[in-house]
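Summary of the model geometry
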Amino acid sequence: MKHTISILVENHPGVLSRISGLFARRSFNIESLAVGVTDDSTISRITIVVDGNDYTVEQVEKQLNKLIDVIKLKTLTPSETISRELMLVKVSANSSDRGDIINIVKVMDAKICDITRTTMTIEASQTTENLDNMLEILKPYGIREVVRTGTIAAQKGSDTITAKK
Amino acid sequence: MMNVAQAMTKCLELEGVKDIFGYPGAAICPFYDALISSTIRHILVRHEQNAAHAASGYARATGKPAVCVATSGPGATNLITGIATAYSDSIPMVVITGQVSTELLGRDVFQEADITGSAEPFVKHSYLVKNPREIPRIFKEAFYIAGSGRPGPVLIDIPVDVQKAEIDFEYPKTVDIRGYKPSIKGHPLQIKRVAEAIKLAKKPIICAGGGVFATDAKSVLVEFAEKYDIPVVTTMMGIGCIPSKHPLHFGMLGTHGKKVANLAINESDLLILIGARVGDRAVTTPGVLEKRTKIIHIDVDPAEIGKNMDAQIPLVGDAKVILGQIIKSLDETDKHTEWIFRLNELKSQEKIVDGTDGINPKRFLQLLSSKADENCIVVGDVGQNQIWTANHFEIKKGRFVTTGGMGTMGYSVGAAIGAKTAKPKKQVFAICGDGSFQMQMMELGTICQHDIPVKIIIMKNNRLGMVRELQKNLYHNNLTAVFLDGSPNFVTIASAYGIKSKSINRLDQEEEAINEMLQCDGPYLLECVINPDEPTL
Ligand SMILES: Cc1ncc(C[n+]2csc(CCOP(=O)(O)OP(=O)(O)O)c2C)c(N)n1
Ligand SMILES: [Mg+2]
């Protein structure tokens, strides 16, 4: 089972290595990890997708909470979560394929951000599953390069995760 | 204005630090320079690992964070085993290391080692200080973090140029770390559930661990056990939290524990874990146990609850506070006479098998504890000697100190040096094997230089006895790499340091030798030559 955990941490050097080290030595599997600063420049928000059963996720949460640099964390319920991942994908595209690819891009609500005589570079912001889908569909044209950011997520509705209580 | 090195000593003084253990080098020289004009006593160990072990012994004797210091590079890496040992036993410690100059960091210069990186798995928290002005806040935080919640080592790595920088010194009065707020009080609803469970139990048992010492909950634990008539077993780290001969005490549990203690938790209908993390050496079959008995788990670290064993009633908080809360909310219950009778019956079946007229280490330790001061501190090393000490040295009002989590050979002499430095009026014993002693022999120099009169007892079986036994039982008695041929004459070694010593190998020599050791004002080394085939249990 995949679980998405949002973590607020102190924004200073070494924090990311503490967190990734913890995952490595306790044999927790990271599916993806994304970090960025929040509106408060002293705090970063990390979104980690972990693969594991309920026991693992409980342990991940508790062990993360023990890190002094971790201010707050929350495991997000899939049905109440908006999650997105950004992807850049470069596909082979000669003149005869271009029309097809443009259609796919339209259907998938993606964007073409660069084009050459032989390639097209597509930008898509979607759920991880949709991106996987899109790659599957683009495969026949020849995928040259894939760059993904890892999932970021927020709760639906007005709830937020903040450093204050 | 003062320089950071002076500020460091100032911080230590303000934290009430009287003694520190360390070893100098270029990258920590500014600190040593400032130490000259401070009130703090520095004890020069002979290997950095033992500085950490000494701080560990000191911290256990005082209950407060203790301090060790080393230089950058090899000095710092030499500390790691000691830091890891303290971490796995949850010992409060502040570790200070020198580091190469800030502008040289990351360039692999002479004696540069990434100590915050390499010690990361073994510290509660660490700092690499780049801004000199942060020193007071960091020291304040380090002592707070090390000593509160679940205690542990905190590392402060300070580049040599930072130590020389000038700052305005102001020590913060309070600490506010937004990511660190340990729970103290138990949740009232859970306290209620605990009270109900205790009322219903017919065969309750308490399993007490090192957390009882960490929270200074010894006396309230005994009060709790007596009030509800609940028998107590301990983990290795919990030994001594109730006097060995207390009628409700049934020994240490686990792979090397007492049979009665293991049977007791298996037959119980309510297991109350107090500051014990259900380590694999203590509870070998948590999966079976959690199905068989109801479990209450009291621990200050929520991550320990449910990690190794499920608990029906988890209770996060300080053991002392929580036991106090329960005592307040629950009147005396029915006595558990039948249950305790059963346990006493099992206990009475235990026997020490005597051999010939040689020294039986179990009997020797019983004799030693009967002659030692009531409040003595006994440090056990690792190996068969540790288990003999754990099971047979009777703790009255004193302490048993050992490394339960890591089982680090070479712990005892360093830790004994620390304990004796903290409590100079108490008798302090280091009990070790001939293998483990040779991992720490160099500390005899520290003992002499700083006049720290600890008593060292070596159980000499000319073997790595614990491993020998393992090979005998599980590897078809194919004994390999467990013979300690080539060991020196320990009595001669001691006398080379001017330390009084004696070797005995017969039962009839025990009494006189113990008397001589106890009457000796200075340090003493007593070698007991024992039968190499002596079993651990
Ligand atoms: C640093 C370290 N290395 C290796 C071990 C593995 N080990 C556990 S007990 C033991 C033998 C200890 O021998 P000794 O100190 O003579 O004690 P004895 O068992 O003979 O009483 C060894 C090698 C350990 N615990 N610690
Ligand atoms: Mg030995």
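Look up a bit, the structure's there.
Below: a short report on this structure. (Residues numbered from 1 in each chain as written. Chains lettered and ligands numbered in written order. Predicted model: local features only at pLDDT ≥ 70, side-chain atom pairs only at ≥ 80, totals over all residues. Heavy atoms only, no water.)

Looking at the site of ligand 1
Residue and element names in this part refer to chain B. In the vicinity of ligand 1 there are 17 residues, among which Q384, G407, G435, S436 and G465 approach most closely. Between D434 and ligand 1, the recorded distance is 2.8 Å, taken from a side-chain N or O atom to an oxygen atom. Here an oxygen atom of ligand 1 and a backbone polar atom of S436 are 2.7 Å apart. The protein chains hide 77% of the 580 Å² of surface that ligand 1 would expose on its own. Of all the secondary structure elements, the ones that give two or more residues to the shell around ligand 1 are α16 (384-392), α18 (434-437) and α20 (465-474). For the shell around ligand 1, a count of residues per class yields six nonpolar, nine polar and two charged. (Near = heavy atom within 4 Å. Polar contact = N/O pair within 3.5 Å; in protein donor to acceptor, adjacent residues only side chain to side chain. Areas by Shrake-Rupley, 256 points an atom, 1.4 Å probe, with all protein chains shown as cover. Helix = DSSP H or I, 4+ residues; strand = E, 2+ residues; numbered from the N terminus. Nonpolar A, V, L, I, M, F, W, Y, C, P; charged D, E, K, R; others polar.)

A word on the interface of chain A and chain B
Taken together, the contact pairs 18 residues of chain A with 17 residues of chain B. Between chain A and chain B the total buried area reaches about 1500 Å² when both faces are included, carbon and sulfur atoms providing 45% of it. Summed over the three residues of chain A that lose the most area to chain B, namely R18(A), K66(A) and I68(A), the buried surface amounts to 43% of that side. Counting across the chain A and chain B interface gives three salt bridges. Across the chain A-chain B interface, the total number found is nine residue pairs in polar contact (both at pLDDT 80 or more). When the residues that make up the side of chain A that touches chain B are grouped by side-chain class, the tally is six nonpolar, four polar and eight charged. (Contact = heavy atoms within 4.5 Å. Buried area = accessible area lost by both parts, 1.4 Å probe. Salt bridge = Lys/Arg side-chain N within 4 Å of Asp/Glu carboxyl O.)

Examining the coordination of the magnesium ion (ligand 2)
Looking at the magnesium ion (ligand 2), the protein donor atoms are D434(B) (OD), N461(B) (OD1) and R463(B) (O), and they sit 2.1 to 2.2 Å from it. Owing to a relative accessible area of 19%, R463(B) belongs among the buried residues under this scheme. (Donors = N, O, S within 2.8 Å, 3.2 Å for Na, K, Ca; no water. Buried < 20%, exposed > 50% of the residue type's maximum accessible area, 1.4 Å probe, protein only.)

Some details on the pattern of salt bridges
Residues and elements named next belong to chain B. Applying the stated criterion to the full structure yields 29 salt bridges over all chains. Close ionic contact of R41 with D19 constitutes a salt bridge, the shortest N to O distance being 4.0 Å. Remark: D19 occurs in strand β2 (residues 19-22) and R41 occurs in strand β3 (residues 41-44); sequence separation between them is 22 residues. Two residues, E374 and K397, come together in a salt bridge whose shortest N-O distance is 3.2 Å. On the criterion of sequence distance, the pair formed by E374 in the loop between α15 (361-371) and β15 (377-380) and K397 in the loop between α16 and β16 (399-401) is long-range, its members being 23 residues apart. A relative accessible area of 43% places E374 in the partly exposed class. Of the residues examined, K397 reaches a relative accessible area of 58% and is grouped as exposed.

As for the environment of H47(B)
Residue and element names in this part refer to chain B. As for its placement among the helices and strands, H47 is situated in the loop between β3 and α3 (48-62). Under the relative-accessibility criterion, H47 is labelled partly exposed at 22%. In sequence terms H47 and M236 are 189 residues apart; their C-alpha atoms lie 27 Å from each other. Sequence-distant contacts of H47, that is, excluding residues within four places in its chain, are made with Y23, N78, M442 and E443.

Focus on the packing of α15(B) against α16(B)
All names here are of chain B. For the pair α15 and α16, interaxial distance at closest approach is 9 Å and the crossing angle is 50°. As far as their axial angle goes, α16 and α15 are oblique. Where α15 crosses over α16, the two elements pack in a sense that is right-handed. For the pair α15 and α16, the contacting residues are P361, K362, L365, Q366 and S369 in the first and W388, T389 and H392 in the second. Class assignment of the residues belonging to the contact of α15 with α16 gives a composition of three nonpolar, four polar and one charged. (Axes fitted to C-alpha atoms, helices over the stretch in contact; angles between N-to-C directions. Parallel < 35°, antiparallel > 145°, perpendicular 65-115°, else oblique. Left-handed = near helix turned anticlockwise from the far one by under 90°.)

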